[in-house]
Each structure stands twice: as structure tokens, then as C-alpha cells.
Amino acid sequence: MGRDFRMKNKIGIGLIGLGTVGSGVVDILRRNGDLIRRRLGVPVEIVRIVRKDTNKSLPAGLSPEVITTDIREVIENPDVDIVVEVIGGFEPAKGYILQAIENGKHVVTANKALLAVSGEELYRAASRRGVDLYFEGSVCGGIPIIKAIREGLSANRIESIYGIVNGTSNFIMTKMTREGKGFEEALRETQALGYAEADPALDIEGIDAAHKLAILVNIAFGTPVDFKAIYTEGISGISPVDIRYATELNYRVKLLAIAKMRAGCIEARVHPTMVPNSHLIATVEGIFNAVYITGDAVGPTLFYGRGAGDLPTGSAVAGDILDVARNILTGNSGRVPPAAFREEGRVPLRIMDINEIESMYYFRFTVQDKPSVLSRISGILGDHQISIASVIQKGRSDGGNVPLVMMTHEAVERNVKSALEEINRLDAVSEKTTMIRVEEGK
Ligand SMILES: NC(=O)c1ccc[n+]([C@@H]2O[C@H](COP(=O)([O-])OP(=O)(O)OC[C@H]3O[C@@H](n4cnc5c(N)ncnc54)[C@H](OP(=O)(O)O)[C@@H]3O)[C@@H](O)[C@H]2O)c1
């Protein structure tokens with residue numbers, strides 16, 4: 001690709017998909033065209049856009065001649081330097097990206113689902129062909145977190161990542177916390193505001209967050225990631241009563257994507273998590289995203305911004321276009337390996353099973369109001385090497401049941417599950433116990 005770079009007087013873009021993100025990219029390239037030309041030295045020109053439905057209206061300033069339904073007009077077009085894939089999903093997106101790479105095109109994508117599952121194959125294909133594969137828009141929309149890990153923090157050993165990486169879930173959790181709403185009501189209101197899809201499963205079940213975590217783990221720790229090994233639990237089981245207790249204990253409940261380096265293994269998990277109010281990540285509200293990364297040299301860092309939407313995600317995709325264009329113009333394509341490590345420098349690391357992790361825990365037991373119950377429960381916890389950090393016991397409720405809330409010190413998850421199974425079998429325990437993992441976020 002670098003052969004004729006000195007003669008290039010423009011950078012040609014082939015866009016696949018003209019939905020939310022595609023339109024945002026078109027808008028940014030048009031409105032900031034002069035600025036981009038000043039930064040690059042040459043203009044960025046949209047050569048072709050592939051869309052399925054050619055009858056749909058076009059964004060302002062776009063000539064109908066650039067629209068096509070024929071993918072070959074992008075991936076085989078000699079005037080296209082960079083193929084931008086923003087259709088989403090697995091196929092045909094994956095096939096298009098692989099063909100574009102094979103044809104020597106550089107690729108920019110925002111396709112988190114595809115990268116989480118097939119990233120390894122795509123990274124390898126791009127590296128071997130010597131083309132760039134950039135994917136800033138795939139994690140946290142407008143926040144340049146991929147670039148931060150791949151470049152800004154590249155001299156660090158990454159120790160941990162705590163991310164609020166799904167704006168929909170964070171919006172729902174914020175509503176539940178601030179307005180005391182139940183999950184279903186908060187979800188309905190979030191959908192009415194346009195912040196949640198008609199089918200919100202990917203967001204509320206934590207799958208979208210797990211996709212993003214898989215991408216971050218891959219580039220932060222230099223390891224292939226088996227997406228299925230990431231423990232994923234969503235927010236639909238969180239009830240207002242637990243949010244109230246969390247508040248009383250000076251915590252917030254957040255859907256966190258967590259990754260940690262643990263003696264040659266990786267912890268990678270997505271689940272509702274209690275974090276202390278005093279932690280920066282606890283202050284991230286509404287649709288905003290944030291990633292709190294600790295490196296051995298830099299210490300803790302926080303990246304904050306909008307995680308979705310046409311312009312924030314378009315900002316990330318267009319930023320990638322500029323990066324790739326600079327590499328083309330200076331003959332430096334492939335300068336930064338797609339997965340942040342050179343292929344031979346990547347080391348497969350095992351993702352720990354959730355039962356192996358150590359965490360602190362919040363428990364809410366619903367128990368009969370009898371003097372012996374607390375000691376029975378404490379005894380079972382003690383038998384499983386779980387030590388109690390604090391207890392809140394409330395007065396008798398109408399049915400004679402009382403909530404008993406406990407926070408623990410660090411314990412092994414497997415022990416916690418066995419202890420809770422035993423406790424849930426006690427006659428004095430009237431409902432299944434609620435458990436939420438707690439992180440101090442260090
Ligand atoms: N939306 C966000 O805020 C956001 C944030 C981060 C990442 N992303 C990622 O960005 C990607 C795009 O998301 P989006 O929200 O822009 O989706 P979207 O609004 O649904 O747009 C996708 C577009 O792709 C087009 N398309 C689908 N299949 C096609 C095909 N085979 N050939 C040509 N065009 C095709 C559709 O065209 P027609 O209109 O012609 O049917 C549609 O307009 C996804 O990977 C998503 O995960 C999105």
C-alpha cells in the first residue's frame with residue numbers, strides 16, 4: 001500500500017452502511033472537511049456508500065451518485081483507500097472486512113459484536129496483509145479508549161480496568177437510584193426517551209458490555225479472548241430495595257465491566273457491582289460511559305464521555321479515518337498492530353472461572369425475626385471462610401420477616417455460593433438471598 005503514498009492528493013473512503021453511525025461519519029467529514037484537510041494536508045473524500053435501501057433519504061450534502069447497493073464498488077474500487085464498515089452484525093460484515101483486507105484496503109469498523117467474537121481472525125488478517133484495522137467506535141463511542149490503550153498507555157503493564165461501557169444500563173441504574181423507580185418502570189421510561197432499543201436484551205443483560213470488555217481485554221493484556229469465558233450478568237434482577245441499602249451504605253450499584261490481571265490469569269466479568277460513592281466511577285451518571293484503567297507506571301486514569309450516538313461514535317470512526325490516512329500519507333500503514341501487540345508477542349492467558357474470583361459481597365437475607373437467626377447465618381458464613389464486615393438489621397415488617405443486610409470482606413465466590421445455598425435452605429430464611437459483588441475499585 002505504501003508504494004505511491006507520496007503522490008496521493010486525497011484519501012478515498014468507501015462507507016458500508018448509512019444508519020446512525022454512518023450518517024454521523026458523513027456529517028463530521030462534511031462539516032469539518034476544511035479542518036480535516038488542514039490536519040492531514042489532503043482532503044478526505046467519500047467515494048462510494050453501500051446501503052441496502054436506496055430509496056431512503058440522503059444526509060445533507062451527499063450526492064446520490066455515491067450511493068450503491070453493490071459491495072464491489074467499495075471493496076474492489078481502486079479509488080477507495082479506507083473501507084469503513086458500519087452495518088453491524090456478523091455476516092455479511094465479517095466477509096466484507098476480510099475481502100477488503102485481502103484487496104489491500106485499510107479498514108475502520110465500529111462493530112463490537114464482531115470484534116468480540118472474531119477479532120482475532122480479523123486482527124491477524126490485517127497484520128499479515130500489512131493494512132490498518134482501526135476500531136475506536138466499537139468501545140464507548142466517542143471516548144478514545146482504544147487509542148489510549150494501544151498508544152498512550154503502551155509502556156504500562158495494565159493492572160485493572162473498571163468500565164461503565166453501556167449507556168442504556170447506566171441510564172436505567174441512574175433512574176432507579178435517583179428516582180427510586182423499579183427496573184421495569186425505569187426501562188420503559190428509558191425506551192420512551194430513545195435511549196434503549198425496542199429489544200433491550202443486549203444492553204440490559206450485559207452482553208453489549210461483555211463485547212466491549214472482550215475487545216479491551218484483548219488489547220490491554222495482549223491475549224486472544226474467548227468471549228464465552230467472560231462471565232456476564234445483567235441488571236434486570238436489581239431491585240430498588242437493594243439500591244436503597246447500597247445508598248445507606250454509601251455505595252452506588254453500577255453495571256461494571258471488570259478486568260484484572262491475576263497471577264498469570266485474567267479476571268474478566270460483567271455484572272451489577274456496588275462501588276463506593278467516593279470512587280470516581282460511582283459519579284458517572286445517565287447515558288455517560290467511563291473507563292477507569294490502572295497501569296503499573298501511570299497509576300489510575302479515568303476516561304469519560306458519551307458512549308453512543310451518531311456524532312460521538314462518528315467522532316471515533318472519523319478519528320480512525322484520520323489516523324489511518326496519516327499512516328497512508330507517510331507510508332506507515334501497520335505502524336500500530338491492530339491488537340496493540342505484535343502477533344508473536346501475544347500470549348494466551350486463561351480467563352478465570354467466576355467461581356474462582358475473590359470479591360467482597362453484599363447480601364440481603366429475608367429472615368424470620370428470631371434471635372438465633374443472625375448467629376446461624378454468621379456460623380454458616382464462617383464455616384465457608386467468609387468474614388462479615390458490617391451488618392444492618394431493620395425492625396420487624398408486617399409478615400414477621402425482616403431484611404438482614406451484610407457486607408463481607410474478600411471471599412472466594414465458590415465458597416459464597418455454597419454458603420448461600422446452605423443459608424437459603426434454613427427454615428428461618430423466607431426468600432432467596434440477594435447477592436451483589438462489591439468492588440473498592442483499586
Ligand atoms: N449507534 C451507536 O450509537 C453505536 C455506537 C457504537 C458502535 N456502534 C456500532 O456501529 C455499527 C452500526 O450501528 P448503527 O447504530 O449505525 O446501526 P443502524 O442505524 O442500524 O445502521 C446500520 C445500517 O447498515 C445498513 N446495512 C445493513 N446491512 C447492510 C448490507 N448488507 N449492506 C449495506 N448496508 C447494510 C442498513 O442500511 P439500510 O438503512 O439501507 O437498511 C442500516 O442503515 C454496529 O456495529 C454498532 O454496534 C453503534
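Just above sits the structure.
Fair warning: this is a prediction, and the values are worked out from it, not measured in the lab.

## Quick word on the site of the ligand
And step 1. As a matter of local geometry, the ligand sits amid 21 residues, with Thr20, Val21, Asp53, Lys56 and Gly309 nearest to it.
And step 2. The backbone of glycine 309 places a nitrogen or oxygen atom 2.7 Å from an oxygen atom of the ligand.
And step 3. Against a free-state accessible area of 890 Å², the protein chains account for coverage of 76% of the ligand.
And step 4. Looking at side-chain class alone, the shell around the ligand contains 8 nonpolar, 8 polar and 5 charged residues.

## Focus: unusual backbone geometry
And step 1. Omega for the bond connecting glutamate 91 with proline 92 falls within 30 degrees of zero, at 10°, which places this linkage in the cis form.
And step 2. By the element assignment, proline 92 lies in the loop between strand E4 (82–85) and helix H4 (93–102).
And step 3. Of note, the phi angle at cysteine 140 is positive, near 60°, even though the residue is not glycine.

## Regarding the packing of helix H5 (residues 112–129) against helix H10 (residues 207–221)
And step 1. Interaxial distance between H5 and H10 falls to 7 Å at its minimum, and their mutual angle equals 30°. One way to sum up the angle between H5 and H10 is to call them roughly parallel. The residues of H10 that touch H5, namely those facing Lys112, Ala113, Leu115, Ala116, Glu120 and Tyr123, are Asp208, His211, Lys212, Ala214, Ile215 and Asn218.

## Here we look at the nonpolar core
One broad rule of soluble globular proteins: the nonpolar side chains tend to lie buried together.
And step 1. In this structure, Ile145, Ile161, Phe221, Ile230, Met274 and Tyr362 are the most contacted members of the largest nonpolar core, which totals 80 residues.
And step 2. Per-element accounting of this core gives the leading share, 10 residues, to H10.
And step 3. Ignoring any residue separated from it by four or fewer positions in sequence, one finds isoleucine 230 in contact with Ala210, Leu213, Ala214, Val225, Ala268, Arg269, Val270 and Ile351.
And step 4. One finds Ile67, Val86, Val108 and Ile328 within the second-largest nonpolar core, a separate group that totals 33 residues.

## Re the pairing of strand E2 (residues 44–50)
And step 1. Summarising burial for E2: 5 of the 7 residues are buried, a large majority.
And step 2. Note that strand E1 (residues 11–16) and E2 share 6 bridges and pair parallel. Bridge assignment links leucine 15 to a residue of E2, and that residue is isoleucine 49.
And step 3. Looking at chain direction, E2 and strand E3 (residues 67–68) are connected through 2 bridges and run parallel.

Conventions we followed
- Residues numbered from 1 in each chain as written.
- Predicted model: local features only at pLDDT ≥ 70, side-chain atom pairs only at ≥ 80, totals over all residues.
- Heavy atoms only, no water.
- Near = heavy atom within 4 Å.
- Polar contact = N/O pair within 3.5 Å; in protein donor to acceptor, adjacent residues only side chain to side chain.
- Areas by Shrake-Rupley, 256 points an atom, 1.4 Å probe, with all protein chains shown as cover.
- Nonpolar A, V, L, I, M, F, W, Y, C, P; charged D, E, K, R; others polar.
- Helix = DSSP H or I, 4+ residues; strand = E, 2+ residues; numbered from the N terminus.
- Axes fitted to C-alpha atoms, helices over the stretch in contact; angles between N-to-C directions.
- Parallel < 35°, antiparallel > 145°, perpendicular 65-115°, else oblique.
- Contact = heavy atoms within 4.5 Å.
- Core = buried A, V, L, I, M, F, W, Y, C linked by side-chain atoms within 4.5 Å.
- Buried < 20%, exposed > 50% of the residue type's maximum accessible area, 1.4 Å probe, protein only.
- Pairing = 2+ DSSP bridges.

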